[in-house]
Amino acid sequence: MTTHATTPFDDQKPGTSGLRKQVKVFQQTGYLENFVQAIFDCVPDLRGGTLIVGGDGRYYNDTAIQIILRMAAANGVAKVRVGQGGLLSTPALSNLIRVSNAQGGIILSASHNPGGPNGDFGIKFNGDNGGSAVESVTQAIFERTLEIDSYNEISADDVDLSALGTAHIGDMQIEIVDPVTDYMALMETLFDFDKIKAMISGGFSVCFDGMHAVTGPYAKAAFIQRLGVPAGSLMNVEPSEDFGGGHPDPNPVYAKALFNKMFADDAPDFGAASDGDGDRNIVLGKGLYVSPSDSLAILAANIHLAPGYEEGIVGVARSMPTSRAADLVAKKAGVDLFETPTGWKFFGNLLDAGRITLCGEESAGASSDHAREKDGLWAILAWLNIVAARGMSVKDIVRDHWATYGRHYYSRHDYEALDTAKAQAVMSALEGKLADLPGQSLHGETVSMADSFAYTDSVDGSVSRNQGLRVEFESGSRFVMRLSGTGTVGATLRLYLEKYAPPGEDHDADLQETLKQIAAIADELTDLKAITQRAAPSVMS
Ligand code: G1P
Ligand code: ZN
């Protein structure tokens, strides 16, 4: 074993999804090693245990995996299972931790952020339940990074990850596994693939955009090999180090080609995409984008149609800024609805305790108790199963949902790459006013509640404060404002707008037009546009 000296780095505090920085930052001497050694120091069960390693294939994935393998061997890990080619989608890695009875996993990804030498890289540790490490562990890892003065590494040649098989570094065994097999086996237990296949062979057309990211191999296995979708219906399914120069974020801006296709006259019946590491999803019908908040609600109302969920749902959780559409489904079904802070890790305790079946976020994330991560392909297959079972188009399913529950018009406005002090000034401006807001009338809307969201975990009692500012109105509308924890350049301010139209009201109005007034109130209360000097958001989704 060789021990190298390292420099502590004070910027290794993981955000909502692990440590995410520009590649250049990760390339600093000892930077990755410092964080990885902190993981081994804080999770002693890894010594003599099994570790899963993989990533979304972005630039630096291979280099990082070789470093982690040498360090794992030096830190006494008995066995590492790595995805072939270094690839594992985030949900597949989560599943591999569980089926391997591993003590944890390291995911290399910056999710939907751009890749390549000038893009971003990231690292995240998941615990033995398959989910992102809980806050106490991530905090311990962070504190450890500040005091570390050396790391352990064995000198060894690079391991060939391109072929399935086994290898060794010192006493540690390395197993190179197919990234798709176990994941597909799990999906087979949840969904009626034969029913979906019959719908597809009956002429139902599907388009999937892999965005040159990790889901390509998974999509080929599910759509082409299992469901008989013609190969030409899949776009961008060859993973590449820089995502083909694109931005693997499935939103109307970065998945423009898919949106154009789905809004064309000859649109396929079903469109979908996933992000860099395969945990996000979007679903479209002919001429319709299903908002992720609506998607969660619709999954909650219909998932019992899939074989793995026949018994119905026990509860639903959504992140606080996600629209309240799912709340109405939970209410009607007589099950609990949990409102958690942004970030997937807050769902873990609820899933482990059997309190919820489904969970989701407005940022295109949904999943169920089958995993401990959001799962892009799972959500897409769930939708296909529901469409096949109901024999209705995506659009008709959405419209039927609104007719039953009402529609939550919803949009997120992102102001990216802001000066951090200015973004904080906007938050402070609103925070200072919260106490006086209830009862005030603004542009015809009366404030019913305003607070800084705090969450008490009903399983372990832990409290998370300052999770975003909420302003609710008597009409059922609201806005939420928070600072992103995943941006890598300056600060990103997110403004979430929501307006409820009950059943029987107009559900076809223009989205941004409908939300204009709430946006104007938010601007007035925060001086957002004046402080940031931005006339419009960078992205509206
Ligand atoms: C964003 C999303 C959040 C998601 C996270 C990780 O975090 O808003 O829902 O869990 O990415 O994918 P944010 O940048 O807002 O902190
Ligand atoms: Zn992701």
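A quick note: this is a predicted structure, and the numbers were derived from the prediction, not measured.

Conventions we followed
Residues numbered from 1 in each chain as written. Chains lettered and ligands numbered in written order. Predicted model: local features only at pLDDT ≥ 70, side-chain atom pairs only at ≥ 80, totals over all residues. Heavy atoms only, no water. Salt bridge = Lys/Arg side-chain N within 4 Å of Asp/Glu carboxyl O. Helix = DSSP H or I, 4+ residues; strand = E, 2+ residues; numbered from the N terminus. Pairing = 2+ DSSP bridges. Contact = heavy atoms within 4.5 Å. Axes fitted to C-alpha atoms, helices over the stretch in contact; angles between N-to-C directions. Donors = N, O, S within 2.8 Å, 3.2 Å for Na, K, Ca; no water. Tetrahedral: all angles 85-135°; square planar, octahedral: opposite > 155°, others 65-115°. Buried < 20%, exposed > 50% of the residue type's maximum accessible area, 1.4 Å probe, protein only. Near = heavy atom within 4 Å. Polar contact = N/O pair within 3.5 Å; in protein donor to acceptor, adjacent residues only side chain to side chain. Areas by Shrake-Rupley, 256 points an atom, 1.4 Å probe, with all protein chains shown as cover. Nonpolar A, V, L, I, M, F, W, Y, C, P; charged D, E, K, R; others polar. Core = buried A, V, L, I, M, F, W, Y, C linked by side-chain atoms within 4.5 Å.

Trainee: It is not clear to me how the pattern of salt bridges should be interpreted in this structure. Could you clarify?
Mentor: This structure, assessed with the given rule, holds 30 salt bridges. The residue K220 makes a salt bridge to E238 at a minimum N-O spacing of 2.9 Å. Taken as a pair, K220 in helix α8 (residues 215–226) and E238 in the loop between β11 (234–235) and α9 (256–262) lie far apart in primary sequence, 18 residues in all. In this structure, D327 and R318 form a salt bridge, with 2.7 Å as the shortest nitrogen-oxygen distance. Within this structure, R318, R324, D327, E339, D451, R470, E472, R478 and E498 form a network of salt bridges that share partners.

Trainee: Mind showing me how you'd approach the sheet that holds strand β20 (residues 441–442) here?
Mentor: Strand pairing in a sheet is mediated by backbone hydrogen bonds. Such pairs are either parallel or antiparallel. With antiparallel pairing, the seven strands of this open sheet are ordered in space as β20-β21-β24-β25-β26-β19-β27. At either margin of the open sheet sits one strand with a lone partner, and together these are β20 and β27 (539–540). Across the sheet, helix α15 (residues 420–433) is in contact with β19 (407–418), β21 (445–452), β24 (469–473), β25 (478–483) and β26 (491–501); its angle to β25 comes to roughly 140°.

Trainee: In this structure, what is going on with the coordination of the zinc ion (ligand 2)? I would like to understand it.
Mentor: Geometry sets the ideal angles at a metal, namely 109.5 degrees for four tetrahedral donors and 90 or 180 degrees for six octahedral donors. The coordination sphere of the zinc ion (ligand 2), as far as protein atoms go, consists of S111 (OG), D275 (OD), D277 (OD) and D279 (OD), spread over 2.0 to 2.1 Å. Considering all four donor atoms around the zinc ion (ligand 2), the spread of angles at the metal, 88 to 162°, places the coordination shape in the irregular class. Linear spacing of the donor residues for the zinc ion (ligand 2) on their chain is S-x163-D-x1-D-x1-D. An identical accessibility class is assigned to D275 and D277; each is buried.

Trainee: So what exactly am I meant to see when it comes to the site of ligand 1 here?
Mentor: In the vicinity of ligand 1 lie 15 residues, with S363, S484, G485, T486 and R494 positioned nearest. Within the side chain of K374, a nitrogen or oxygen atom sits 2.9 Å from an oxygen atom of ligand 1. Backbone polar atom of G485 to an oxygen atom of ligand 1: 2.6 Å apart, as the coordinates give it. Against a free-state accessible area of 380 Å², the protein chains account for coverage of 99% of ligand 1. Considered class by class, the residues forming the shell around ligand 1 number no nonpolar, eight polar and seven charged.

Trainee: What is the right way to look at the environment of V214 in this model?
Mentor: Mapped onto the elements of the fold, V214 is located in the loop between β10 (206–209) and α8. Residue V214 is classed as buried on the basis of its relative accessible area, which comes to 0%. With sequence-adjacent residues up to four places away left out, V214 is seen in contact with G55, D56, L87, L88, S89, G276, D277 and G278.

Trainee: For this particular structure, what's the right way to read the nonpolar core?
Mentor: One recurring pattern in soluble globular proteins: nonpolar side chains tend to sit buried together. Counting 73 residues, the largest nonpolar core has F191, F223, F270, W378 and W383 as its most contacted members. Residues within four places of W378 in sequence aside, it is in contact with Y183, M187, L190, F191, L299, I303, Y309, L358, A366, S367, S368 and H370. With 46 residues, the next largest nonpolar core counts I39, F40, V80 and I176 among its residues.

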